[in-house]
Amino acid sequence: MTWKAWLFSAKRAWARPFIRWTTIATIAMIGISSLLFLWNIIPQREQGGTLVLHYNIYLGIDKVHPWGWVFLLPGAWLVLSLVDFIFAFGWYQEDPHFSFSLITLAGICTFPCMGVFFYLARMNA
């Protein structure tokens, strides 16, 4: 796919209100929940501290990583969502239903990720 073809497809997709507002709402929710997560976690940092990434009711804390992972999680979430949007906008011209599916999937998957960040912030506080 050439740049011109992708741009033409993206312009046609952006003209659809559902795609435009779902994309804006998803990116806004990713940004707000990532900033709230970092705002809650960064003050808790200790020198050489660790970050708890998983808590199991049977085993307790079972996944601990270095503190730098606090930036990797929101960054990976944002990058994966942006890649999803790039593919969705590029394929809109060829298959609009698939594009709608990708956009909707990105929007729906935002809610569980927001829950994960909320509970990670509560667990590390």
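Everything below is about the structure printed above this text.
Now for a look at the structure at hand.

### Details of the packing of helix 2 (residues 17-41) against helix 3 (residues 69-91)
In step 1: Two numbers describe how helix 2 lies on helix 3: the axes approach to 10 Å, and their chain directions differ by 175°. With respect to helix 3, the axis of helix 2 lies roughly antiparallel. Residues Ile19, Thr23, Thr26, Ile27, Met29, Ile30, Ser33, Ser34, Phe37, Leu38 and Ile41 of helix 2 touch helix 3, and the partners they reach there are Val70, Phe71, Pro74, Trp77, Leu78, Ser81, Leu82, Phe85 and Phe89.
In step 2: Residues that form the contact of helix 2 with helix 3 fall into these classes: 15 nonpolar, five polar and no charged.

### Focus: helix 1 (residues 3-14)
Given 3.6 residues to a turn, an α-helix orients residues that are three or four positions apart in the same direction.
In step 1: Its 12 residues place the ends of helix 1 16 Å apart at the C-alpha level, agreeing with the 16 Å of an ideal helix rising 1.5 Å per residue.
In step 2: All of the buried residues along helix 1 are Ser9, Ala10 and Ala13. Burial along helix 1 is one-sided: seen end-on, the buried residues are contained in an arc of 100°. Turned more than 90 degrees away from the buried face of helix 1 sit Lys4 and Lys11, all of them exposed.
In step 3: Summarising the contacts, the buried residues of helix 1 are in contact with helix 2 and helix 3.

### Looking at the side chain of Thr110
In step 1: Looking at where Thr110 falls in the secondary structure, it is placed in helix 4 (residues 96-124).
In step 2: Dropping the residues within four chain positions of it, Thr110 is found in contact with Thr26, Met29, Ile30 and Trp77.

### A look at the pairing of strand 2 (residues 60-66)
In step 1: Summarising the sheet, strand 1 (residues 50-56) and strand 2 pair through six bridges and their orientation is antiparallel. Bridge pairing in strand 2 places Asn56 opposite Gly60.

### Observations concerning the nonpolar core
In step 1: Residues Ile30, Phe37, Leu38, Ile41, Leu51, Leu53, Trp67, Val70, Trp77, Phe117, Leu120 and Ala121 constitute the largest nonpolar core, which totals 12 residues.
In step 2: Breaking this core down by element, the ones donating at least two residues are helix 2, strand 1, helix 3 and helix 4.
In step 3: Broken down by element, the residue count for this core peaks at four residues, all from helix 2.
In step 4: For Ile41, the residues in contact, after removing those within four places along its chain, are Leu51, Trp67, Val70, Leu120, Ala121 and Asn124.

Rules used in this analysis
Residues numbered from 1 in each chain as written. Predicted model: local features only at pLDDT ≥ 70, side-chain atom pairs only at ≥ 80, totals over all residues. Heavy atoms only, no water. Axes fitted to C-alpha atoms, helices over the stretch in contact; angles between N-to-C directions. Helix = DSSP H or I, 4+ residues; strand = E, 2+ residues; numbered from the N terminus. Parallel < 35°, antiparallel > 145°, perpendicular 65-115°, else oblique. Contact = heavy atoms within 4.5 Å. Nonpolar A, V, L, I, M, F, W, Y, C, P; charged D, E, K, R; others polar. Expected span 1.5 Å × (residues − 1). Buried < 20%, exposed > 50% of the residue type's maximum accessible area, 1.4 Å probe, protein only. Arc of directions from axis to C-beta. Pairing = 2+ DSSP bridges. Core = buried A, V, L, I, M, F, W, Y, C linked by side-chain atoms within 4.5 Å.

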